[in-house]
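Report on the structure
Spelled out from the first residue to the last, the chains are:
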Amino acid sequence: MKMAALCSEFGDLAQIKKQLISVISLCKERGLLHSAKWASELAFALDPLPKDNLPPEPAFTEEDAQDLDALTLAKSYFDLKEYDRAAYFLKGCCSQKAYFLYMYSRYLSGEKKKDDETVDSLGPLEKGQVRNEALRELRVELSKKHTARELDGFTLYLYGVVLRKLDLLKEAVEVFVEAIQALPLHWGAWLELSNLITNIEMLKSLSLPDCWIKDFFMAHMYTELQMIKEALQKYQNLIEAGFSKSTYIISQIAVAYHNIRDIDQALALFNELREHDPYRIDNMDTFSNLLYVKSMKPELSYLAHNLVEIDKYRVETCCVIGNYYSLRSQHEKAALYFQRALKLNPRCLGAWTLMGHEYMEMKNTSAAIQAYRHAIEVNKRDYRAWYGLGQTYEILKMPFYCLYYYRKAHQLRPNDSRMLVALGESYEKLSQQVEAKKCYWRAYSVGDVEKMALLKLAKLHEQLNESDDAAQCYMLYIQDIFSCGEQLEHAEVSTALRYLGQYYFKNKHYDEASLCAQRCCDYNDAREEGKALLRQISQVRDQVETPSADLFTPLSNNNTPVRRVSPLNLISFTP
Amino acid sequence: MMTNGVVHANVFGIKDWVSPYKISVLALLYEMTSSKITLPERRRLNKLILPLQQGPDLTLGQFLKTVEECCPQTAYAVKLRSMADGELKDMEYFFSTLPTPFTAFDSEAYKTSVVGLFMRHMLLAYNKLSFSQVYKLYKSLQHYYHSHYDTVGDRADKEELDTPLHESELRRGPLSQKQAEYFLARQAYLLKNDENKALRPAALQEELNNMLKFNPDFAEAHYLNYLNSMRVQDIFLSAHSLLHYFDRLILSGNEGKSNGDEGYGRSLRYAALNLASLHCRFGHYQQADLALQEAIRIAQESNDHVCLQHCLSWLYTLEHMKGSESTVLTQDSVKMAAHFCLPYLGSLDIQSLVQQGAMQGKAAHKLMDALKDTEILHWKHSLSELIEISLAQTTSIWRMYGKSTMALQQAQLLLNMSSLEPVNFGVHQNNTEAFAVALCHLAELHAEQGLYSATSEIFQHLKEQFPPHTQHSKLWMLCDLKIQFERHMNNRKYHLAEPLVKAMSALNKTEGLYRVMLSTAELHWESSSFSTALPLLLQALALARQHHLQSLASEAILHLAFTQLMLGIPEQALNVLHEAMEPILAHGAVIDKGRAMLLAARCHMAVAGFRLKGQALAVDGLNEAESYFSRLNCKERLRDVHYLQAQLHRSLGQTARSNKSAMNFRLLDQELQSPAPPVFMQL
């Protein structure tokens, strides 16, 4: 039903295309390059329109005609980044378009000066003090017009940006919503709004226009808020509605898969993306992260060289090269490239965290801490940085101290097993077994990616002499390992089998015990013990002639299983 | 600049920079050296120099006002105007005419003087400015000057719109590193010693946020943030700030060498220790224990004895807070501190040892000796904080032993002591915890003597010095409640006393519980037979004597005597009572004195029967008791006294006196409107 509604909404793709084409020209006239780029990419994904179906040129008013010359002149100055000059010639123009460009030039001029001055400020403490001087004047003028309701969609957007830069976030949200309602097709406004939304409740409380672009926004928001399942569903709907060729959607889906660590899916999508759009640099750092995780050296090397050829002074390129060096264990060089990325964009969050990882590899813990702290400063919700800090302190042998950081990371990613396992390990080191058990069990319940939680839980139970629980966990562990199919390096199936064999033997389940012992023989490190167990079993069986004796000596000794472990169906396991 | 791969914010190591305000200060200094100023004015100005140099940037209006208060006619403002109204070259000229501290040997601006140092800083900072920075400085100087002198008319429309911005932006500019350091040190000092004078928690928080916005690398601000959050009991924020501080510190303490032991290893240990103290303060004992163990382990691994010593101190504090025995640990700590020559920790340990000893009833002279020894140590190392604590502790101990005069003397000694801190030397009163404790004792002592107006005055003072939001305010609140409770109990207004018990238990659980037990015990005692109370009272007496708790012992004797009286052996009661009479009259509270006299009189009456001598003694006793009770305005007991007086006088045949007492009794009885208890079943 929902699908049907969606399809009807997207039914008229030609209509959407028309809207896109008109909004592209509007954005271009106003120098809003990123929004124009986004809309163009989307328009490119749709089928071309026949000639007579193209949208008409927007109406040309008397005012527009009056300002035409000034506007053309100013626009060319604007394109050459001579913002003050552009603003000078636009002063006094009365058309909406000219007014927007006038204000926008002033804003950009202030931003540019701010950037220039950051290098050249009077003192270290003043660095944060450097601000866009034009902002306040702009705000005064815009708010006057705003109360008089003289602002159109674009100027409302600019007003919102000014408010956000002045840290008046609440007002900014209101103005962005207004801007979106006035002009839903302007993606920049949606994007700005998305940066200000912190949680799902806030998202639900906003009143947004029901336009097809809202679906893009919602999908984007779900990805930001780590609600990956919902996001993927949204994107899937969009693809089915006819946007299947959009590189934007493909990259977003790939990023979403990356976020839930579905590496293979994400890799496939990125490869597809590079086929369609070989000179793309956006999102390639995420791609390189995936290649790194999979240790795909040649692919990563190819990607790095390819990107360097396209543009070596892009943040993404530097991150890719950093990852490349890191994979080759050349951590100094890797750190160097992450530093370069940060010089290009100090607010590049990923680079700080990655640099922290590199310092960790180089055993330079203090620099690692510093890097992670920077990452957190840029974005408090960066769980990897919190996790990294925790790891650093764990390496420094401060298990209690690192708890705080792991807890923070866990708070941000409640369903990520890695944080839970880390928390459990810390608790174990502090001899807080109860807490540790809880953490491991939770890690298993949320879907353990590293398949370590159950093993650790079992070992913990073993230490505490809780043999039934331990056996249960080992059993689950074996099932888990074999059900996931692939061979894991650190898998300790033999340990589990060994324990289970002994456990069954103690509880006089000789059939199961011998099965486990036989399985043990498949592993080098447990072969001898397996054989020994088999011998013991056959000895005991010889002594106890009648199998019925088992019934009269039931499991009444002190280690009676409270939860009887169901006998293993080991036949299905083929290592 | 990169060290160890990390970007340092402070590129040139410049801690100060030139701002328009600094130029104004320079102009003032210049004026002071060059022109003739009268001597008293000069003296006032000299006193102003340091605060002006260290404080945050003022607006020109504030600055002019401050200076004009000291010295009405100065010409430095003219110089400023010539710069602001003139051209860039005027500013450049000004800097070139400044007396260079290196050449001016005989002036106040010689290079090693305070002024000279400031001038050198400024000249250096100015000379390092680039072309555009100089121009920017000049522009901001013009703005600084004109924003004060120009009328605000042309900007009126802007003002009304910008109000939300103005508050946050214009209130205070960024601080230079020097100014920030000074600010932090000042606030931290005030938080410790005189919280009332420090900024309010919210204001301080805002200030710190502001500072961190301008320089996120300023780690000390995080620590102050931690202290500030502790004030408002915000565990979340304080833990966050504490860890943030140490994350930052770990880097700054590590210049160059990445695994240097003395560098960040040290701050790691103290980080864990601080975390332990945080949890300890919030009462998370298990967490504190874990953190402390971690700190101890790391300190042991790196052989840091000083840190270990700190850990040990916290360990016994923690054990003590958990309510378990920690004397042995404390003793160890004292020994270790002595071994490593840490006087502060050592005497702190001794003080807690004395406290524990006092609770456990150690011999009083030993405790006093120990305190005296630490006192010598304090004065030797001038540990003013510990001197205060020590005096407050002595007061408490004397109070505990029931020696009110000695306690009073010690409290007065502390309160009349001037501050020994170098920062505000000679300031009469600090608002530390020790002062709060001493004042509370003073209040209780006065209340015991029935001087309620004096008591309320003391509380008024406490309220001013330690407003309810500060950390030591709990002390006097509890004390206030205690006194009210005692008062109501004395007047037998149990219904009024009951809610107070609840309020007390909100502030302090054990104290409240103690009160509940006491009142219920008294109720039981009223109803139960007296013979069963006797062994209990004897036990209490023995215990009090063993712990040298004189006031409690006297009280137990009073109860004992009363029980004996009730059991019909007044001679024995009188004997026992004589023993307690002396200490009670010397140190006891007024109510106890009255009770003792009344009891003695009743015993005399019972013993004497109709013998004249005993009756005369009883009359004296009753009169004295009357005076004590009327001082406390304790009407119910007065009524009892009057009744006894009337009876006694009648039996002596003094009808007029008897009638007078009877009338007094009648008046009080009407006033109280509650039936008198059948016989005097109460002490």
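Residues numbered from 1 in each chain as written. Chains lettered and ligands numbered in written order. Predicted model: local features only at pLDDT ≥ 70, side-chain atom pairs only at ≥ 80, totals over all residues. Heavy atoms only, no water.

As annotated in an unreviewed UniProt entry, chain B carries the name Anaphase-promoting complex subunit 5 and is attributed to Poecilia latipinna. Its UniProt record gives chain B the following Pathway (unreviewed entry) comment, quoted word for word: "Protein modification; protein ubiquitination." Per UniProt, chain B has the following entry under Sequence similarities (unreviewed entry): "Belongs to the APC5 family." (UniProt positions renumbered as here; feature names shortened; annotations may be inferred.)

Per an unreviewed UniProt entry, the recorded name for chain A is Cyclosome subunit 8, and the organism is Poecilia formosa. Recorded in UniProt for chain A, the comment headed Pathway (unreviewed entry) runs: "Protein modification; protein ubiquitination."

**Looking at the environment of Met452(A)**
All names here are of chain A. Inspection of the secondary structure puts Met-452 in the loop between helix H25 (433–445) and helix H26 (453–463). According to the relative accessible area criterion, Met-452 is buried, its value standing at 18%. Separated by 40 residues in the primary sequence, Met-452 and Glu-492 have C-alpha atoms spaced 9.3 Å apart. (Helix = DSSP H or I, 4+ residues; strand = E, 2+ residues; numbered from the N terminus. Buried < 20%, exposed > 50% of the residue type's maximum accessible area, 1.4 Å probe, protein only.)

**Overview of the packing of aromatic side chains**
All names here are of chain A. Taken as a whole and assessed by the stated rule, the structure comprises 37 aromatic pairs over all chains. Taking the centre distance of 5.2 Å and the plane angle of 85 degrees together, the rings of Phe-216 and Phe-243 count as edge-to-face. Pair noted here: Phe-216 is in helix H12 (residues 212–224) and Phe-243 is in helix H13 (residues 228–243), with a separation of 27 residues, a long-range link. The burial state of Phe-216 is the same as that of Phe-243; both residues are buried. The interplanar angle of 50 degrees and the centroid separation of 6.2 Å between the aromatic rings of Tyr-401 and Tyr-405 together place this pair among those described as tilted. On the criterion of helical spacing, the pair formed by Tyr-401 and Tyr-405 is a turn pair, its members being 4 residues apart in helix H23 (residues 399–412). Note on accessibility: Tyr-401 and Tyr-405 belong to one class, buried. Grouping aromatic residues by their ring pairs yields a cluster made of Trp-38, Trp-187, Trp-212, Phe-216, Phe-243 and Tyr-248. Between the NZ or CZ atom of Lys-408 and the centre of the ring of Trp-386, over which it lies, the distance is 5.4 Å. Sitting over the ring of Tyr-383, Arg-413 keeps its end group 4.4 Å from the ring centre. (Phe/Tyr/Trp six-rings, centres within 6.5 Å; stacked < 30°, edge-to-face > 60°. Lys NZ or Arg CZ within 6 Å of the ring centre and 35° of its normal.)

**Digging into the pattern of salt bridges**
All names here are of chain A. Under the criterion given, the structure shown has 29 salt bridges over all chains. Between Glu-192 and Arg-164 there is a salt bridge, with its nearest N and O atoms 2.7 Å apart. Within this pair, whereas Glu-192 is found in helix H10 (residues 187–196), its partner Arg-164 is found in helix H8 (residues 153–165), the two being separated by 28 residues in sequence. In this structure, Asp-416 engages Arg-418 in a salt bridge whose closest nitrogen and oxygen atoms are separated by 2.6 Å. For the pair formed by Asp-416 and Arg-418, the shared burial category is buried. (Salt bridge = Lys/Arg side-chain N within 4 Å of Asp/Glu carboxyl O.)

**Digging into helix H22 (residues 383–395) of chain A**
For H22(A), spanning 13 residues, the distance from its first C-alpha to its last is 18 Å, which sits close to the expected 18 Å at 1.5 Å a residue. For H22(A), a buried count of 10 out of 13 residues is recorded, marking the element as mostly surrounded by other parts of the structure. (Expected span 1.5 Å × (residues − 1).)

**A look at the nonpolar core**
Soluble globular proteins: nonpolar side chains tend toward being buried together. Core analysis: the largest hydrophobic core is formed by 222 residues, its most contacted members being Tyr107(A), Leu193(A), Trp212(A), Phe216(A), Phe217(A), Tyr393(A) and Tyr401(A). Sequence-distant contacts of Phe217(A), that is, excluding residues within four places in its chain, are made with Trp187(A), Trp190(A), Leu193(A), Ser194(A), Ile197(A), Leu203(A) and Leu208(A). Judged by nonpolar contacts, the second largest core, of 64 residues, contains Leu415(B), Ala580(B), Cys603(B) and Val641(B). (Core = buried A, V, L, I, M, F, W, Y, C linked by side-chain atoms within 4.5 Å. Contact = heavy atoms within 4.5 Å.)

**Section: the packing of helix H17 (residues 327–339) of chain B against helix H18 (residues 343–360) of chain B**
Residue and element names in this part refer to chain B. Put simply, H17 and H18 touch, their axes get as near as 9 Å, and they point 155 degrees apart. Classed by the angle they form, the pair H17 and H18 counts as roughly antiparallel. As for how H17 packs across H18, the hand of that crossing is left-handed. Here H17 contributes Thr-327, Thr-330, Gln-331, Ser-333, Val-334 and Ala-337 to the contact with H18, which in turn contributes Leu-345, Gly-346, Asp-349, Ile-350, Ser-352, Leu-353, Gln-356 and Gln-360. A per-class count over the contact of H17 with H18 returns 5 nonpolar, 8 polar and 1 charged. (Axes fitted to C-alpha atoms, helices over the stretch in contact; angles between N-to-C directions. Parallel < 35°, antiparallel > 145°, perpendicular 65-115°, else oblique. Left-handed = near helix turned anticlockwise from the far one by under 90°. Nonpolar A, V, L, I, M, F, W, Y, C, P; charged D, E, K, R; others polar.)

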